[in-house]
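Chain by chain, the residues run as shown.
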Amino acid sequence: MTVYLVGAGPGDPGLMTARSLELIAAADVIIHDRLIPASALDGARPDAKLIYAGKEGGGAQVPQSEITRMLIEHGAQAAIVVRLKGGDPFVFGRGGEEAEALLEAGLEFEVVPGVTSGIAAPAYAGIPVTHRDAASSVAFVTGHEDPDKPDSALDWRALAGFPGTLVVYMGVGRLEGIANRLIEGGRSPDEPAALVQRGTLPDQRAVVGTLASIAQLAVDERIKAPAIAVFGPVAALRSRIAWLERRPLHGVTVAVTRAREQISRVAARLRALGAEVVVAPVIRIQTLPGPVPPLDSYDLICFTSPNGVDALFERIDAAGLDTRSFPARSRTRVAAIGPATARALRAHGIQTDVMPAKAVAESLAEALADVPVSRALVVRAREARDVVPEALRDRGAEVDVVAVYETVVEQLDADQIAAVAAADYLTFTSASTVRNLLESVDGAAWLTEGESRPRLVSIGPVTSAELREHGLEPDIEAEDHDIDGLIAAIVRA
Ligand code: SAH
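Residues numbered from 1 in each chain as written. Predicted model: local features only at pLDDT ≥ 70, side-chain atom pairs only at ≥ 80, totals over all residues. Heavy atoms only, no water.

Caption draft 1: Highlighting the overall build of the protein chain. Scanning the protein chain from terminus to terminus reveals 18 helices and 19 strands. C-alpha extents for the protein chain along the principal axes are approximately 90 × 55 × 45 Å. Relative to its 493 residues, the protein chain shows a buried fraction of 49%. Taking all contacts inside the protein chain whose residues are at least 6 apart in sequence as the whole, residues at least 24 apart take part in 66%. Of the roughly 22900 Å² of accessible surface on the protein chain, 51% is carried by carbon and sulfur atoms. (Helix = DSSP H or I, 4+ residues; strand = E, 2+ residues; numbered from the N terminus. Buried < 20%, exposed > 50% of the residue type's maximum accessible area, 1.4 Å probe, protein only. Contact = heavy atoms within 4.5 Å. Areas by Shrake-Rupley, 256 points an atom, 1.4 Å probe, with all protein chains shown as cover.)

Now the structure itself:
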């Protein structure tokens, strides 16, 4: 029975701490704010109770007293309650008040700091809040209070005299007043000032001006909350240090159509290169339960996808068995269609003996040409091409095919379709993603009409052929037919 006051960081899911992810995965109850990364709750248990405690659609904030009441109520009942807040819980996050309330209620609590937006948003904009030559101290200030209010708790004139960077949270609406007070307090109107809106998120925007110009700049550039304001010479360093914009896929939107279970890895890689990713899960992998094939009766076992590996191991696990069901390496060879499949095998403790240079069925059949085979097992999806089994049978081998999973089409909703259509690139990682997307959205007209249609990126010749069959011409085809190859092709383009 512990309540954890946890910071979720400023927005980029990569800036969530390892501890926060651990607690989210373990929590019985999660009470969260609005300004947390969109994917922050993805790792929560399916049976966890998720409670939203932010502003409803820009309306009234759930009152703090109500949040505290919920924390105490759940804290007294559930084993692990996570109070998840944007940035850091103790930096303008009312975490201090919540901790005091829990203390009074006699409940155990722990605090998990988060990356605060006042440091992270400037950092992502290329602004170091301290700098050996430009600022030896930094102050975090709330801009929430009206600077013209006579009884304001904040002494802006005194802050003007602060010898260092001022980082102002919640201040976009009051920039003019704040800048004026600072100038009146003795700061130069020419002092650099910056605003970073939605820092660390894919649509981050930053502007740099001076104390005299920043308020008008914010209006002209339509800077809106959430934004961080930075006052001080360090703000000018953005022109040199800005790094986000230099990443290879900065400003590029890539739609990824894949199985829900497989998207996150591709999406993470694209995001790491600076891309904004539209996630369009058009298929879901459904494992097919069944008996474990008699693995030790084969001298060759072929895997044609990572899903096939995982699904077979699900069967093995369900039967109370483990890797020992696989025969010795000296007796049975294991073939994988490509590196991702080999990786999946290795994750289960199985080494791959045969892998073609190109991850397509024809190349696997070729790579197997010199491998002596009398009895082979092909582990794969229900709907798959027969290239490998046929090639093996042609050589006189006895071949068993076991379908361990199937792909089920998921419908995209109107918002998802609009987001895919607006993307710069639309990726297809298999022929089935082509079929499934078109099935899921009813035809391809929206992909060929209009000037700003996404460019179609195909992972390889089989996928390209499938696109052409539906009257779509791939704009780009990857040279290496795997995810790395696909991403490299987009970067080159
Ligand atoms: N506890 C949070 C701050 C909450 S106060 C933290 O440590 O970051 C809310 C204010 O935080 C917003 O008005 C804005 O000034 C700032 N903020 C939060 N997320 C931000 C982001 N991604 N980019 C810029 N400012 C952000």
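Caption draft 2: View of the site of the ligand. Surveying the vicinity of the ligand reveals 18 residues, the closest of which are Val91, Thr116, Ser117, Gly199 and Ala227. Residue Asp88 places a main-chain N or O atom 2.8 Å away from an oxygen atom belonging to the ligand. Within the side chain of Ser117, an N or O atom sits 2.7 Å from an oxygen atom of the ligand. Relative to its unbound accessible area of 550 Å², the ligand is 91% covered by the protein chains. When contributions to the shell around the ligand are tallied by element, the ones reaching two or more residues are α4 (117–124) and β10 (227–231). Per-class residue counts for the shell around the ligand are eleven nonpolar, five polar and two charged. Mapped onto the domain boundaries, the shell around the ligand takes at least three residues apiece from domain 1 (2–115) and domain 2 (119–244). (Near = heavy atom within 4 Å. Polar contact = N/O pair within 3.5 Å; in protein donor to acceptor, adjacent residues only side chain to side chain. Nonpolar A, V, L, I, M, F, W, Y, C, P; charged D, E, K, R; others polar. Domains from an automatic or database assignment.)

Caption draft 3: Looking closely at unusual backbone geometry. With an omega of 0 degrees, the peptide bond running from Ala225 to Pro226 counts as cis. Relative to the assigned elements, Pro226 resides in the loop between α7 (214–220) and β10. Look at Arg94: it is not a glycine, yet its phi comes out positive at around 60 degrees. The topology assignment puts Arg94 in the loop between β4 (80–85) and α3 (95–104). Under the relative-accessibility criterion, Arg94 is labelled partly exposed at 44%. For Thr200, which is not a glycine, the phi torsion comes out positive at approximately 75 degrees. Counting through the fold element by element, Thr200 comes out in the loop between β8 (192–197) and β9 (205–210). In this structure Thr200 comes out as buried when scored by relative accessible area, which is 6%.

Caption draft 4: Structural detail: the nonpolar core. By size, the foremost hydrophobic cluster in this structure holds 44 residues, and its most contacted members are Phe303, Phe326 and Leu437. Two domains each provide a minimum of three residues to this core, namely domain 3 (253–282 + 410–492) and domain 4 (286–406). Apart from residues lying up to four places away in sequence, Phe303 is in contact with Gly308, Val309, Leu312, Phe326, Val334, Ala335, Ala336, Ile337, Thr341, Leu345 and Val379. (Core = buried A, V, L, I, M, F, W, Y, C linked by side-chain atoms within 4.5 Å.)

Caption draft 5: Expanded view of the packing of aromatic side chains. Counted by the stated rule, this structure contains four aromatic pairs. With a centroid separation of 5.1 Å and 70 degrees between ring planes, the pair formed by Tyr124 and Trp243 is classed as edge-to-face. Placement of the pair is Tyr124 in helix α4 and Trp243 in the loop between α8 (238–241) and β11 (253–259), with a sequence separation of 119 residues. With a centroid separation of 6.1 Å and an interplanar angle of 75 degrees, the aromatic rings of Phe140 and Tyr169 are classed as edge-to-face. Remark: Tyr169 occurs in strand β7 (residues 165–169) and Phe140 occurs in strand β6 (residues 138–142); sequence separation between them is 29 residues. (Phe/Tyr/Trp six-rings, centres within 6.5 Å; stacked < 30°, edge-to-face > 60°.)

Caption draft 6: Up close: the domain arrangement of the protein chain. According to the domain assignment, the protein chain consists of domain 1 (2–115), domain 2 (119–244), domain 3 (253–282 + 410–492) and domain 4 (286–406). Put simply, the middle of domain 1 and the middle of domain 4, counted by C-alpha atoms, are 45 Å apart.

Caption draft 7: Highlighting the sheet that holds strand β18 (residues 455–458). Taken in spatial order, the nine strands of this open sheet run β14-β13-β15-β16-β12-β11-β17-β18-β19, and their pairing is mixed. Strand pairing shows two members of the sheet lacking a second neighbour, β14 (333–336) and β19 (476–477), which therefore form its edges. Two elements, strand β12 (residues 276–287) and strand β16 (residues 398–409), share five bridges in a ladder whose sense is antiparallel. What sits directly across from Thr287, in β16, is Tyr405. On the sheet, helix α15 (residues 431–441) packs against β11, β12, β16 and β17 (425–428) and is oriented at approximately 100 degrees with respect to β12. (Pairing = 2+ DSSP bridges. Axes fitted to C-alpha atoms, helices over the stretch in contact; angles between N-to-C directions.)

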